[in-house]
Amino acid sequence: MSEQQIKITLAQLNPTVGDVTANTAKARTARERAKADGADLVVLSELFIAGYPPEDLVLKPAFQSACRLAIEELARETADGGPAMLIGTPWVEDGKLYNACALLDEGRIAALRFKANLPNYGVFDEKRLFARGPASGPITVRGVRIGVPICEDIWLEESEEYENVVECLAETGAEILIVPNGSPYARDKTDLRLSIVVARVTESGLPLIYLNEIGGQDELVFDGASFALNADLSLAAQLPAFEENITTLSWRKTPDGWRCNGPIVELVEGDKADYAACVLGLRDYVRKNGFPGVLLGISGGIDSALCAAIAVDALGTQMVRGVMLPFRYTAQVSLDDAAKLAAALGIRYEVLPIADAVNGFEKILAPAFAGLERDITEENLQARARGTLLMAISNKTGAMVVTTGNKSEMSVGYATLYGDMNGGFNPIKDIYKTEVFRLSSLRNSWKPDGALGPSGEVIPINIITRPPSAELRENQTDQDSLPPYDVLDAILERLVEREEPLATIIAAGFDRDVVTRVDRLLYIAEYKRRQAAPGVKVTAKNFGRDRRYPITNRFRDPGKVWPAPDEQLVTRTSRASAEAFEG
């Protein structure tokens, strides 16, 4: 290293939670690449050796020991004179478990830094897992003082609960900030990350490297999109999203501090980013859990068509199997469109009529249903027959059933438990119906880099333009039971993502009766959602990880304008008592 330069390799990689051996091998490969590039330091993401987020697995003593042994092994390997390594790991010290970053250099663990600000909102639950670390000073790598705030350490301003870690690092002589992250994808997250980093660079006057992992972990998808800013807020480097990448950045010392002019890759954004997230989430769920392939019901409708396209893009044609399960209400156009979809995608496809199964169920149930009118129960028998058959094929072949319900349906319970909700994973669980239409049209004109499916029109236009229907009775359409999807989704977005009061939604111009009905359906479908397959998180508030409502819940918003709090009822004595109690 020249006196005025330091080379830092960013290893934006895809770890697997719990696979310490494979994660160690990835770290070793990244270091070899960094060594070949003449780097001084290689950086890996938050809790890389464990995989992120490890959830309660990280509380298991055997797992903690496995992670520590791996770090010690990697540390010994740095005695070869090659680059130092900064790597995330769980770390037990003095009986406390920390979310840590270890600096490995010259054959030893040269320094440890512990995460100070532990997130406990949305998908994060770190306060019950880790002890809070102290705000520490910089570490020294080849004579350069590097500050290592870990993920949330740059996201929150100083308060009674949170420390301003960046301010502490700047005051204690840091020259460059390197932030290892496990920051999951959500729509428009790129702009939010940039605004946070801009704030930290502005207040500290220091350049900052933001290194994020990529990959799918259950419902979460990590999009990478690592980047660096110079101290003057110019973009020093931008790595791609949704793919592994190892890039070495050359930083040089100038009279104004350290500066880099690295590669800048254009990021996919908007609907393209959502689609790429769905592909990566499904791919990693299948591969990391060892499924030999997937199968799904192909109905001729748009939800299953989009899921089939995502599955082929994620896994390739040979790992995807489509099954059409028609009954007497299945229109010929649905059969034709399903066959065209399968042919366009190049997947294995078969037709298994379900009349014998449904009629058999009805015959068995006839004595139990004697004297009762036909209703939705008989309709649901069709969905449950289909679900049973798909699960039987899964059971026989080992292939995972892909569930195909969208977020609009999951919100209002327009789905059948133990029927079309059967399956192991749902790539569009967090995609509203109106977005399903958009993504389907998008896929016909574009596919993500690395997608394994064919280019061009893979979803027949007729599937996109036909009125959607569950086809459980004659001439049925979804709009027989639901408001138009553009109205429904607009109301749901306000109820779910924004948590708006009904009065606010009604005041925005939505019909009171429709809003009240949608709100009621949202509440009563909670028990179904608790039993739904996991699925990719795309929005700011998905079901399961983010929005966790009680199933048993008698509260309903009456849709009135609530009065302002009566501050006169809160006496100084009651406030003082509360403060004393909290203290």
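Definitions and limits used
Residues numbered from 1 in each chain as written. Predicted model: local features only at pLDDT ≥ 70, side-chain atom pairs only at ≥ 80, totals over all residues. Heavy atoms only, no water. Helix = DSSP H or I, 4+ residues; strand = E, 2+ residues; numbered from the N terminus. Rg over C-alpha atoms; globule rule 2.2 N^0.38 Å. Contact = heavy atoms within 4.5 Å. Areas by Shrake-Rupley, 256 points an atom, 1.4 Å probe, with all protein chains shown as cover. Buried < 20%, exposed > 50% of the residue type's maximum accessible area, 1.4 Å probe, protein only. Pairing = 2+ DSSP bridges. Axes fitted to C-alpha atoms, helices over the stretch in contact; angles between N-to-C directions. Parallel < 35°, antiparallel > 145°, perpendicular 65-115°, else oblique. Left-handed = near helix turned anticlockwise from the far one by under 90°. Nonpolar A, V, L, I, M, F, W, Y, C, P; charged D, E, K, R; others polar. Salt bridge = Lys/Arg side-chain N within 4 Å of Asp/Glu carboxyl O. Polar contact = N/O pair within 3.5 Å; in protein donor to acceptor, adjacent residues only side chain to side chain. 1 Å grid on protein atoms, 1.4 Å probe; cavity = no way out; pocket = protein on both sides within 12 Å on 5 of 7 lines; lining within 4 Å. Points joined across faces, edges and corners; volume = space filled by probe spheres on them.

Chemist: Is there a simple way to think about the overall build of the protein in this case?
Modeler: On a plain count of helices and strands, the protein comes out with 17 helices and 19 strands. For 583 residues, the compact-globule estimate of 2.2 N^0.38 gives 25 Å, and the C-alpha radius of gyration of the protein, at 27 Å, lies within 12% of that figure. Considering only C-alpha atoms, the protein reaches an extent of 85 × 70 × 45 Å along its principal axes. In the protein, 73% of the contacts between residues at least 6 apart in sequence involve partners at least 24 apart. A total of about 25,000 Å² of accessible surface is found on the protein, and carbon and sulfur atoms cover 52% of it.

Chemist: Sorry, what's going on with the pairing of strand S10 (residues 214-217) here?
Modeler: Looking along a regular strand, one sees the side chains alternate between the two faces of the sheet. With burial as the criterion, each face of S10 is covered, one bearing Ile214 and Gly216 and the other bearing Gly215 and Gln217. Relative to strand S11 (residues 220-223), S10 runs antiparallel, the two being bridged by four bridges. Note that in S11 the partner of Gly215 across the bridge is Phe222. Counting the residues in the hairpin turn of S10 and S11 gives two residues, including Asp218, whose phi is positive at 55 degrees.

Chemist: How should the packing of helix H1 (residues 20-36) against helix H2 (residues 61-77) be read in this particular structure?
Modeler: When two helices pack together, their arrangement is given by the angle between the helix axes and the distance between those axes. Contact geometry of H1 with H2 gives a least axis separation of 10 Å together with a crossing angle of 20 degrees. Put simply, H1 runs roughly parallel to H2. Note that H1 runs across H2; the crossing there is right-handed. Contact residues: H1 offers Val20, Thr24, Ala27, Arg28 and Arg31, while H2 offers Phe63, Ala66, Cys67, Ala70, Glu73, Leu74 and Glu77. Along the lines of polarity and charge, the residues of the contact of H1 with H2 split into seven nonpolar, one polar and four charged.

Chemist: Help me understand the pattern of salt bridges, please; the structure alone is not making it clear to me.
Modeler: Pairs can form between side chains of opposite charge once their charged atoms are near each other. Applying the stated rule across the entire model yields 33 salt bridges. Residue Lys253 pairs with Glu175 through a salt bridge whose shortest N-O separation is 3.7 Å. Here Lys253, found in strand S14 (residues 245-254), pairs with Glu175, found in the loop between helix H3 (165-171) and strand S8 (176-181); they are 78 residues apart in sequence, far enough to count as distant. Arg187 serves as the salt-bridge partner of Asp274, at 2.7 Å between the closest nitrogen and oxygen. Separated by 87 residues along the polypeptide, Asp274 in helix H5 (residues 270-288) and Arg187 in the loop between S8 and helix H4 (189-204) bring together distant segments of the chain. Taking relative accessible area as the criterion, Arg187 reaches 26% and is therefore assigned partly exposed. Through salt bridges with shared partners, a single ionic network connects Glu493, Arg494, Arg498 and Glu500.

Chemist: What should I look at first to understand the side chain of Asn426 in this one?
Modeler: Topologically, Asn426 is positioned in the loop between helix H10 (407-412) and helix H11 (433-443). Side-chain polar atoms of Asn426 contact the backbone nitrogen of Lys429, separated by 3.2 Å. With residues up to four places along the chain from it excluded, the contact list for Asn426 reads Thr403, Thr404, Gly405, Pro534, Gly535 and Val536.

Chemist: Explanation requested: the sheet that holds strand S18 (residues 348-351) in the structure shown.
Modeler: Strand pairs in the sheet, formed through backbone hydrogen bonds, run parallel or antiparallel to each other. The strand order S18-S17-S16-S19 describes an open sheet built from four strands, whose pairing is parallel. Pairing within the sheet leaves two strands with one partner each, and these edge strands are S18 and strand S19 (400-401). Here strand S17 (residues 320-324) runs beside S18; their pairing, made up of four bridges, is parallel. Bridging across to S18, Arg321 finds its partner in Arg348. Together, strand S16 (294-297) and S17 form the strand contacts of helix H6 (residues 302-315), whose direction differs from that of S16 by roughly 170 degrees.

Chemist: Would you mind showing me how to read empty space enclosed by the protein here?
Modeler: With a probe scaled to a water molecule rolled over the atoms, the places where space remains empty come into view. Taken as a whole and assessed by the stated rule, the structure comprises two cavities of 30 Å³ or more. Here the largest cavity is characterised by a volume of approximately 60 Å³. Considering the residues around the largest cavity, the lining is formed by Arg113, Phe114, Ala116, Pro134, Ala135, Ser136, Gly137, Val148, Asp153, Val165 and Leu169. Those elements that provide at least two residues to the lining of the largest cavity are strand S5 (108-114) and H3. For the lining of the largest cavity, the residue count by class is seven nonpolar, two polar and two charged. Approximately 40 Å³ is the volume attributed to the second largest cavity. Lining the second largest cavity are Thr403, Met410, Met421, Asn426, Lys429, Ala532 and Ala533.

Chemist: Mind showing me how you'd approach the environment of Thr21 here?
Modeler: As for its placement among the helices and strands, Thr21 is situated in helix H1. Residue class for Thr21 comes out exposed when judged on its relative accessible area of 65%. The spatial distance from the C-alpha of Thr21 to the C-alpha of Ala50 is 9.6 Å, given a sequence separation of 29 residues.

Chemist: Please clarify how the environment of Leu341 should be interpreted in this entry.
Modeler: With respect to the helices and strands, Leu341 occurs in helix H7 (residues 332-345). Look at Leu341 and you get buried, because its relative accessible area is 1%. On a C-alpha basis, the gap between Leu341 and Ile459 in space is 5.7 Å, while along the polypeptide they are 118 residues apart.

Chemist: It is not clear to me how the sheet that holds strand S15 (residues 257-260) should be interpreted in this structure. Could you clarify?
Modeler: Taken in spatial order, the seven strands of this open sheet run S5-S4-S3-S2-S1-S14-S15, and their pairing is mixed. The sheet terminates laterally at S5 and S15, the two strands that pair on one side only. Taken over all neighbouring pairs, the strand axes of this sheet differ in orientation by 35 degrees on average, direction set aside. Examined bridge by bridge, strand S1 (residues 5-12) and strand S2 (residues 41-43) share three bridges and lie parallel to one another. When the bridges of S2 are listed, Ile8 appears paired with Leu41.

Interpretation note: all reported values are geometric properties and have no functional meaning in isolation.
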